[in-house]
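Listed here are the chains, written in short residue letters.
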Amino acid sequence: VRRALGRQAVDDMEALRQIERELERQGYLQRNDGKLELTPKAVRRLGETALRHVFADLPEGQHGEHDQQDAGQAGEHTGSTRPWTFGDEQAIDAAATVRNALLHGGLPDEGDAVRLSVSDFEVAETERRTAAAVCLLVDLSYSMALRGTWGVAKQTALALHALVRSKYPQDSIQVIGFSNYARELRETDLAGLGWDMVQGTNLHHALILAGRFLDRRPEHNPVVLVVTDGEPTAHLRRDGKFWFDWPPSPETLELTLAEVDKMTRRKATMNVFMLVDDERLTAFVEEVARRNGGRVLRAMPENLGEYVVRDFMRARRARTARR
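Residues numbered from 1 in each chain as written. Predicted model: local features only at pLDDT ≥ 70, side-chain atom pairs only at ≥ 80, totals over all residues. Heavy atoms only, no water.

1. Overview of helix 11 (residues 279-292)
Here is step 1 of the chain: Helix length check: helix 11 (14 residues) gives 20 Å between terminal C-alpha atoms against 20 Å at 1.5 Å per residue, within 8%.
Here is step 2 of the chain: Taken residue by residue, helix 11 has Leu281, Thr282, Phe284, Val285, Val288, Ala289 and Asn292 as its buried positions. Looking down the long axis of helix 11, one finds its buried residues gathered within 165 degrees of arc, a one-sided arrangement. Along helix 11, exposed side chains directed more than 90 degrees from the buried face belong to Glu279 and Arg290.
Here is step 3 of the chain: Lining the buried residues of helix 11 we find helix 9 (203-215), strand 8 (221-228), helix 10 (250-265), strand 11 (269-274) and strand 12 (296-298). (Helix = DSSP H or I, 4+ residues; strand = E, 2+ residues; numbered from the N terminus. Expected span 1.5 Å × (residues − 1). Buried < 20%, exposed > 50% of the residue type's maximum accessible area, 1.4 Å probe, protein only. Arc of directions from axis to C-beta. Contact = heavy atoms within 4.5 Å.)

What follows is the structure, given as structure tokens:
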């Protein structure tokens, strides 16, 4: 290396080795069959960083309000209290607790403290916040790489994972990537994931997987978000193999829209984020919105994370308000 690139290259290599050793020491890198891989701790850190970038782009006031109001499962106070029972996580109502102690034990002598017993404690009742089942469907087709949109789509998925994990732990989230086939993407898969160099945008298969995820959580409010840069060009056949055609075959469109109708019957609103201004894609997503009642959002790649996170938070607030 010194002969080919000079002394500076040798120093740079040694600096990289030191960084590598330090990242391993801190638990961000691990070796697997001789290859360096990111650990779950590193992936969570990447998601938190992506989320901070998203919040930095949100208009003032929109990224802070959920921190105080929506964190955890407790909602707004109802004004009522009830006796504390083992396992309660609601806040103790100090005034009601002291009042009970005085009623049970009488006024203390001057200088004495009020004596509390377990039966005196009361907690403030709150409205139970509803949990959401979130499905983020991300296009993995080769066109996403050609247009330079895959990187921001991956960052958006990591940011949404971090948001749900840190602020809405009662929610469930599933990220589904789709190209010729669809598949679930775990958070630890996302950081090192690349696009698929295959033909096909199989939204039909992705919606089938999302539907199964929602059906296993009937008590959750369903939230479905789709990020794509192209119309559906593939569907899943009865034998489990995919069928690709461009322009899309009538069967592909028919089967995909049938899954959209199933989402509508599940009361799952689908919001679609278009990353390109394409006439055929526009016609398709407008038909999806007509059938389902969801929204169509045209997002520039650099604003995708902001749009998706803000729309997710808006959907949660709207459903909570309706309840």
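2. Quick look at the pattern of salt bridges
Here is step 1 of the chain: Summed over the entire model, instances satisfying the criterion amount to nine salt bridges.
Here is step 2 of the chain: The salt bridge partner of arginine 280 is glutamate 231, with a shortest N-O separation of 2.7 Å. Highlighted residues: arginine 280 in helix 11 and glutamate 231 in the loop between strand 8 and strand 9 (234-236), separated in sequence by 49 residues.
Here is step 3 of the chain: Under the relative-accessibility criterion, glutamate 231 is labelled buried at 9%.
Here is step 4 of the chain: A salt bridge links arginine 291 to glutamate 287, with the shortest nitrogen-to-oxygen separation between them at 2.8 Å. A residue pair is termed a helical-turn pair when its members lie 3 or 4 positions apart in one helix, as arginine 291 and glutamate 287 do in helix 11 at four residues. (Salt bridge = Lys/Arg side-chain N within 4 Å of Asp/Glu carboxyl O.)

3. What about helix 2 (residues 7-25)?
Here is step 1 of the chain: Given a rise of 1.5 Å per residue, 19 residues ought to cover 27 Å, and the 27 Å separating the end C-alpha atoms of helix 2 matches this to within 8%.
Here is step 2 of the chain: Backbone geometry just downstream of helix 2 places glycine 27 in the positive-phi region, at approximately 85 degrees.

4. Focus: the sheet that holds strand 8
Here is step 1 of the chain: Spatially, six strands are ordered 7-6-5-8-11-12 in an open sheet, and the strand pairing comes out mixed. Since the sheet does not close on itself, it has two edges, and those belong to strand 7 (182-185) and strand 12, each with one partner. The mean angle between the axes of side-by-side strands here comes to 20 degrees, regardless of whether they run parallel or antiparallel.
Here is step 2 of the chain: Relative to strand 12, strand 11 runs parallel, the two being bridged by three bridges. Looking at the pairing, methionine 274 lines up with arginine 298 of strand 12.
Here is step 3 of the chain: Where helix 11 meets the sheet, its contacts fall on strand 8, strand 11 and strand 12, and the angle it forms with strand 11 comes to roughly 165 degrees. (Pairing = 2+ DSSP bridges. Axes fitted to C-alpha atoms, helices over the stretch in contact; angles between N-to-C directions.)

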